[in-house]
Amino acid sequence: MALKQISSNKCFEGFQKVFEHDSIELKCKMRFGIYLPPKAEIGKCPVLYWLSGLTCTEQNFITKSGFHQAAAEHGLIVVAPDTSPRGCNIEGEDESWDFGTGAGFYVDATEEPWKTNYRMYSYIKDELPKLIKANFPADSERMSIFGHSMGGHGALILALKNPGKYKSVSAFAPICNPVQCPWGKKAFGGYLGSDLTKWEAYDATHLVKSYPDSHLDILIDQGKDDQFLSAGQLLPDNFIAACTERKIPVVFRLQQASTKKYLFGGKQGGVVCCIHPII
Amino acid sequence: QSQEAGRELPSCLTFYHMDLYESKGRLEIFPEEPAGREDGALGETSKESTEPGEDFCSSDRSAYDLEKEVDELTKLYGLDEDKEIDQKLLGGNIATAGILERSYGSIYNAPKSSSPVNGSQRKEHMETTEEQELPGKDSQDESQHLHNAKAYDELHNHASSKEELRSDDRQAEQSIQPNSEEEAADIYCATCKIPIRAFDKLFGDHKDHEVTQLANAVESAKEEIQKNMCKLEEQVTEMENFAGHLEEIFITVEENFGRQEQNFEMHYNEVMQTLTQRYEEKVEGLGEEKKQKLEALYGQLVSCGENLDTCKELMETIQELCKDKEKADFIKAAVPVVDRLREFLKKDMDLVLSTSPDFEDRVIDFSDVQQLMDSINTIAAPSAPVINPQAPNSATGTSVRVCWGLFSDDTVEFYQLYYKQVSDDTPSEAQAAPSPPIIKRKESRSCENAALVCWESGNMNPVDSYTVELSKLTNGENGDIITESIVGIPNCEALIQLEPGQSYVISVRAVNMGGPSERSEPVSIHTTGTYFYLNEDTAHPLLSVLEDGLTIACSEIENLECDLSFRDNGFTRCIAILGTMIPFQGKHYWEVEVDENMEYRVGVAFENTHRHGYLGANSSSWCMRHIVTPARHKYEFLHSGTTPDIRITIPPKRIGILLDYNNWKLSFFNLDIAQHLYTFNSHFQHYVHPCFALEKPGVLRIHNGIAMPTSITLL
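The residue numbers shown here count from 1 along each chain, following its written sequence. As a convention, the first chain written is A and the first ligand written is 1, with the rest following in written order. With the structure being a predicted model, the display of local features is reserved for residues of pLDDT at least 70 and the display and counting of side-chain atom pairs for 80 or more, all residues being used for whole-chain, interface and lining totals. To obtain the side-chain values, all non-hydrogen atoms of the structure were used and water was disregarded.

Brief notes about the pattern of salt bridges
Any carboxyl oxygen of Asp or Glu within 4 Å of a side-chain nitrogen of Lys or Arg constitutes a salt bridge here. Counting across every chain of the model gives 26 salt bridges over all chains. Put simply, Arg31(A) and Glu20(A) hold a salt bridge, and the shortest N to O gap is 3.0 Å. On the criterion of sequence distance, the pair formed by Arg31(A) in strand β3 (residues 28-36) and Glu20(A) in strand β2 (residues 14-23) is long-range, its members being 11 residues apart. Through salt bridges that share partners, Arg601(B), Arg625(B), Lys634(B), Glu636(B) and Glu695(B) make up one connected network. Secondary structure elements are defined from DSSP: runs of H or I of at least 4 residues count as helices, runs of E of at least 2 residues count as strands, and each element is numbered from the N terminus.

Right, dumping it as C-alpha cells:
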C-alpha cells in the first residue's frame, strides 16, 4: 500500500510526519500522523495508537498535546489517525459535529449510506497496524492504544474486543457507556440501526462484563468540571462499577480541570508515559 | 509537489499547455474550436511536438535544405530555447510567420506563398494538420507524421528530418526516464549498481552481470546506511566532546594568561623601582659633591679676601710711614710695621685651588638590576600545600588517603609526598587498650549502596577514635579477612559506602593511646535492598510492633480517654509509627502486605513530622490511605491534606512503595497485578522515613531489604 508523505518535521531529534494513503476499508484517502522517535533509526520501537475525539483530524494531537518529548525519551512511535473517512460525499455527513465526518465512533457501520465507508473499527484494528508494520520500524509485539473522548471510547472498545492485542489502554474523558448517552444513541442509531445487540458490541461497559481475562491495564483520566461529564455523555461510573465487579484492574483519576478538549494539553505526554512504559 | 495536478480545474478554464515544442496537439492562442481538442493537447510530460516552423510553412515549398536556415532563424529569434518568447511569437505568429515566409519566399521559388500568408488560410492548413496529426499524437512513428503531412512534400523533407531530430531526442529522453507504460525495475545489477528490469538481465547489456533481488539490495543498502549512521553518531559525539574540551581549554588559556600577566607586571615593577632608587641616590650624591666643592671654594675666596685686605692695609701703613720726616718717630713706627710685614710675608698664601671643578664619574650599579630582570621569567616557587586532617573512611589496613590543598596562584608541576612512621616502638605502659564497642544491631540500617552502623562505646573512659572493619563476603569466605577499614571515626556511628548485591560483616574497634581494642561482635549487612527498622519511640500507644520487628498491629480502640501512655516522641492521634531509614540518596523500595478490609495509611514522612497530626494531613508527610465504605473501597493519596480523586477497581493486597530521591518521586504499586497506582512528584527537601498507620484494629506486615520486582521496574 503506497504511502504518500505529506509533511515531515524534526521534533526532539525524531520526526513528526503525516502520510496519506488510499484506505481499503474506508474507500477513500486517509491521513495519519506518525511520530518516529530517534530510537526508530536504530531499531524497532513499540507503537502507541492515539484516537482523537469528535471533530478532530490527525492534526489535533500533533499540534496540541506536546507528547513528542515524552515519546522521544521513551522511544515510542505514536500514530494518530483521523477520526472518520473524509470526502466520501455521503449525504448528511456534514450535518452535525457529533455524527458523520469527524465522528466515526470507531465502529463498522451496517446501515446505509454509511456502511461502505464508515468502517473505522476495522481500519484501526487491522488496516492501519498492517500499514504501520510494513512501512515503519514498528515492534508489532508491543502496541498500546489510548484516546480522548470518542477516541477514549475507541481505545477501550478496541482493547476489550481484542484481548491480548494491546499491552495497555488509557483514556482521557472517554465515552464509557455509549448505549446510555445521547452521543452514543445518535451515532449507533445512525451507523448500526435499531438493533440494540449491535450497539452493545461497541460499548465498553458492556464489553467489560464479558471480558475473558484480567490481563489488561486500564488508566482513565477525567476532568471534574468537564461539561460533558455533567451532561451525562461520559458515564465513567458505570464502567468502573462493571470493572470492579468483573475484577478488571482500572485506575480512574478525577482531575481538577475544566475544559475537556485541551484538558491534557501538555499533560498527555507526561501522563501517558507514566503508564505506557509497561510496553 | 505535484498535488495540484490532481485537483479538479474549474470548468471555465481550458488547459493550455505552455510548452510550444512539446505538445503535438498545439492549441491556437485563439482557439477556433474549443475543448474538444483539449484532450489532445493535454499531456504534461509528453515530449511529442511539432516544430512551430512546420506550422508556418506552406505547402508550396520547393525542396531545399531549410534545416540550416530554420535553425539559424529559430536561434535568432530564440524560438527553440525560450518558451516565453515562443508564446509571444505564437501570439504574433502571423507576423512572424510572415517574416519567415518572406525570407523563405526569397529563397524559394514559391510564388503562391510570397504574399504574407493568409492567416485563415494558414489556419486551415494548421487545423487540417492538427486534426490529421492529432490521432498520431501518441505515436513515435515517423511514418505517421509523413502520412499526416502529405500535403507538405518539401516541408516533409525538413519537417521529417526535424522530426527525426526531435524523436531521437525523445527516444533518448524516454530511455532515461522510464514511462509508466514500461515495466518498473525489479532487480538490481550489482555490477553497474543500478536497478534494472529482469528483462534487461536476460537480454540486455547486463547479461553477464551480477544481479540480486531489488528487495535484497535495498535491505543491504539500508543496513549499510544504518551502520554508517551509527558511525556518524559516534563521530558527532566525539566532536561534541572535543568541542566541550576546547571550551574548557579556552578558559584555561585565559587563566594562564592572567597569571603570566600578573607575574610580568610584578617583576617589572620591581625592576623599575630599583632603577629609580639608584638614580635618586646618585643624583643626591652629585648634589652633595657640588655643595662641598662650592663651600670649599667660597672659604678660599673669603680667606683670600682677608689676606688681600691685610696686604692693602700694610701697604698703606708703610706708605704713610715713609712720609713721616722725623727719624725717631719713623723708627718707632717702622719697627712694628717691619715685624708685621715680616710676619705677613711668612704667612703662606694658599693660592692653590682647594677643590677641582670636575665631578667624579658616577655609575649606577645595574648588576643587581640585571639579576632582577633575569629573574622575571622564572616562576616563583610554590607555597607549601596544606594537608587536610585525615577524614574517616580514608584508610585501610595497608593504605591511607592523604588530601591537601593547593593555592590557586601557584604553578605546580608535581608534588612530592614524604612519609614516616611515627608509631611508638615502645607501647606506653601507662594506658591500657580500650574495651570493644557494642554494635546496636537493631538500629543498623542500609540500602543497596551504603550502610549506617551505630554502636555503644563500651568504655567508661572516653576513647580517641573508632575503627570500623569490613569484610566483604564473596564466594562463601569467612569474615576474618578484612577488606576495608575506616579509621579515625570520632562518633559512635559510621555511614559506609558499599557495593550493591553483596554481603558484609562489619565490626568496630575502639582506639586510644594504648592501642586498639578487640573487635566488637560483628553485624551482617546485605546490600540487597533497603533495610530500615521501626522506631518504637515514635509509636502511638495503641500500635505495637511484633517480635519480628516488621509487623505492626493495632489493638482494639476501647476507651481513648484513659491509660494511654504517650511516648515523648510518639504519635498522639494517628495510630502511626515511623521507620528509621538510612539517610542516603538513590532509590529505596519496600512492600506492605494488607488485608482487603484493613484501613491503613502507608507512605513517607520527615523525621520531625507532626506527632499530633495525621499522616498525609500536613506538608511533612505523604501517604496512600485506604478505607472501606459501605459502597466501595476508597483510596486516597494524601499530602498536605489533599488527595486526587482516584478510583481503583481491584483493591491491592500487596503494595510496593518506591521512593526515588533522584527523580523526586514516591510511587505505589499493586504488586499482584503489576499495576501502577499513583506517584507523588515531590522534591523532598530532607531525607524521609517510611511511615505506617492503622485506622482500625488489624495487622500490617512490612517487607524490606528486597529488590524491586522487574515487573514494575518499567512502570
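Overview of a nonpolar patch on the surface
Together, Ile387(B), Val400(B), Val402(B), Trp404(B), Leu406(B), Tyr415(B) and Leu417(B) give the surface a local cluster of nonpolar side chains, amounting to about 650 Å² of exposed area. Mapping Leu417(B) onto the fold places it in the loop between β5 (404-405) and β6 (438-439). Patch construction takes residues with relative accessible area above 30% that form no salt bridge. Like charges are linked within 9 Å, and nonpolar side chains (Val, Leu, Ile, Met, Phe, Trp, Tyr) are linked within 5 Å. For the area figures, the Shrake-Rupley method with a 1.4 Å probe applies, and any residue is considered shielded solely by the protein chains shown.

Focus: the pairing of strand β9 (residues 250-255) of chain A
It is a general feature of regular strands that their side chains alternate between the two faces of the sheet. Summary of the burial criterion: residues with accessible area below 20% of their type's maximum are buried, those above 50% are exposed, and those between are partly exposed, where the area comes from a 1.4 Å probe applied to protein chains only. Burial analysis of β9(A) places 6 of its 6 residues in the buried class, the great majority of the element. Judged by which residues are buried, β9(A) turns out to be covered on both faces: Val250(A), Phe252(A) and Leu254(A) on one side and Val251(A), Arg253(A) and Gln255(A) on the other are all buried. In this analysis, strands are considered paired if DSSP registers two or more bridges between them. In the sheet, β9(A) pairs with strand β23 (residues 645-648) of chain B via 4 bridges, with the strands oriented antiparallel. When the bridges of β23(B) are listed, Leu254(A) appears paired with Asp645(B).

Things to note about the sheet that holds strand β2 (residues 194-196) of chain B
All names here are of chain B. What the 3 strands build is an open sheet, ordered β2-β1-β3; its pairing is antiparallel. Edge positions in the sheet fall to β2 and β3 (211-213), since each has one partner strand and no second. Direction aside, neighbouring strands of the sheet carry axes that sit 35° apart on average. Contact definition: two residues touch when any of their heavy atoms are within 4.5 Å. Under this scheme, a helix contributes an axis fitted over its contacting stretch, all axes are lines through C-alpha atoms, and angles between N-to-C directions fall in the 0 to 180 degree range. Packing of helix α11 (residues 214-323) onto the sheet brings it into contact with β1 (187-189), β2 and β3, and relative to β3 it is tilted by some 90°.

So, the confidence of the model for chain A
Each residue carries a pLDDT value, the predictor's own confidence for that position, ranging from 0 to 100. Averaged over every residue, the pLDDT of chain A is 83; the share at 70 or more is 90%. Here residues 258-279 of chain A scores under 50 on pLDDT; set against residues more than four positions off or in separate chains, the count is 71 contacts.

Observations concerning the interface of chain B and chain A
The accessible area lost on association of the parts is a frequent measure of interface size. On the side of chain A, 22 residues touch chain B, which itself brings 18 residues to the contact. When the buried surface of chain B facing chain A is broken down by residue, Asp645(B), Arg647(B) and Thr649(B) rank first, second and third, together holding 35% of it. Taken together, the connections running from chain B to chain A amount to 1 salt bridge. Note that Arg647(B) is salt-bridged to Asp237(A), the shortest N-O span being 2.8 Å. Residues adjacent in sequence count toward polar contacts only when both atoms are side-chain atoms; beyond that, a polar contact is any pair of N or O atoms within 3.5 Å, and within protein one must be able to donate a hydrogen and the other to accept it. Linking chain B to chain A there are 5 residue pairs in polar contact (both at pLDDT 80 or more). Elements supplying a minimum of two residues to the side of chain B that touches chain A: α11, β23 and β26 (675-681) of chain B. The greatest single-element share of the side of chain B that touches chain A, amounting to 4 residues, is contributed by β23(B). Each residue is assigned to one class: nonpolar for Ala, Val, Leu, Ile, Met, Phe, Trp, Tyr, Cys and Pro, charged for Asp, Glu, Lys and Arg, and polar for all the others, Gly among them. Considered class by class, the residues forming the side of chain B that touches chain A number 9 nonpolar, 6 polar and 3 charged. Joining two parts hides part of their accessible area as seen by a 1.4 Å probe, and the buried area is that hidden amount summed over both.

Quick word on the sheet that holds strand β24 (residues 654-660) of chain B
Residues and elements named next belong to chain B. Strand order across the open sheet formed by 7 strands is β16-β17-β28-β19-β24-β25-β26, with antiparallel pairing between neighbours. Edge positions in the open sheet fall to β16 (543-545) and β26, since each of these has one partner strand only. Strand-to-strand, the axes of this sheet are offset by a mean angle of 20°, without reference to chain direction. When strand β25 (residues 665-670) meets β26, the two strands line up antiparallel, connected through 6 bridges. Bridge pairing in β26 links Leu666 to Phe680.

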